[in-house]
Amino acid sequence: MKKLAFFIGLLIVLGGAIYGVLYLDKISISPAFQAQPIEFPKVGEAQVLQEENWIHSFSEDNELPYAYPATELSVRFDFLDKDAKQSIPSAISISELDEYKFACVKQVLRQNNIESAYYKSGNTLKLVVLLTDEAMYKRLLADLQYYRLNYSVQ
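This text gives an overview of the structure that appears in the document. (Residues numbered from 1 in each chain as written. Predicted model: local features only at pLDDT ≥ 70, side-chain atom pairs only at ≥ 80, totals over all residues. Heavy atoms only, no water.)

1. Quick notes on the nonpolar core
With 18 residues, the main nonpolar core has I92, I94, V105, V129 and L140 as its most contacted residues. Those elements giving two or more residues to this core turn out to be strand 1 (88–95), helix 4 (99–111), strand 3 (124–131) and helix 5 (134–146). In this structure I92 touches L125, K126, L127, V129, L140, L141, L144, Y151 and S152, once residues within four positions along its chain are discounted. (Core = buried A, V, L, I, M, F, W, Y, C linked by side-chain atoms within 4.5 Å. Buried < 20%, exposed > 50% of the residue type's maximum accessible area, 1.4 Å probe, protein only. Helix = DSSP H or I, 4+ residues; strand = E, 2+ residues; numbered from the N terminus. Contact = heavy atoms within 4.5 Å.)

Structure follows, in structure tokens:
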């Protein structure tokens, strides 16, 4: 009796497993791919005439619906304040500049409240500073020497 119950239970489990596999296989089938032919445009006489006359369309219209981008850029730094003392702008070029030395330069400018603008290209920094006092200018150059920066004044 136990063997019969075990055999019936085993058949039920195997039957359920087979049914589950077939059901999963049935629902996981994707729809069949249907290839559709590609239609290439046919070159007719109308298109050939359009291609030949495309250059003449530029001479007919004098006004373009768009404008070409400018290739020039003019930049002006105006540090002068009318109420302030006479300021002396100075350009300093710093070469062989890495990230640490660049951070040092920014810290020196921030600590001394020096108004500046800079342009960094690779390892070279072009720095424009605006100073009202010559003593402050000498202190800035001394700080740059303290951090062993290779600089030249222009």
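2. Some details on helix 5
For an α-helix, the turn length of 3.6 residues means that residues three or four places apart are oriented alike. Look at helix 5: 18 Å from first C-alpha to last across 13 residues, which is about the 18 Å you get at 1.5 Å a residue. Listed in full, the buried residues belonging to helix 5 are M136, Y137, L140, L141 and L144. In an axial view of helix 5, the angular spread of the buried residues amounts to 140 degrees, which keeps them on one side of the axis. Exposed side chains of helix 5 directed beyond 90 degrees from the buried face belong to K138, Q145 and Y146. (Expected span 1.5 Å × (residues − 1). Arc of directions from axis to C-beta.)

3. Some details on the pattern of salt bridges
The tally for this structure, following the rule as stated, stands at one salt bridge. The residue E134 makes a salt bridge to K138 at a minimum N-O spacing of 4.0 Å. Of this pair, E134 and K138 both sit in helix 5, four residues apart, which is roughly one turn of that helix. Like K138, E134 is exposed. (Salt bridge = Lys/Arg side-chain N within 4 Å of Asp/Glu carboxyl O.)

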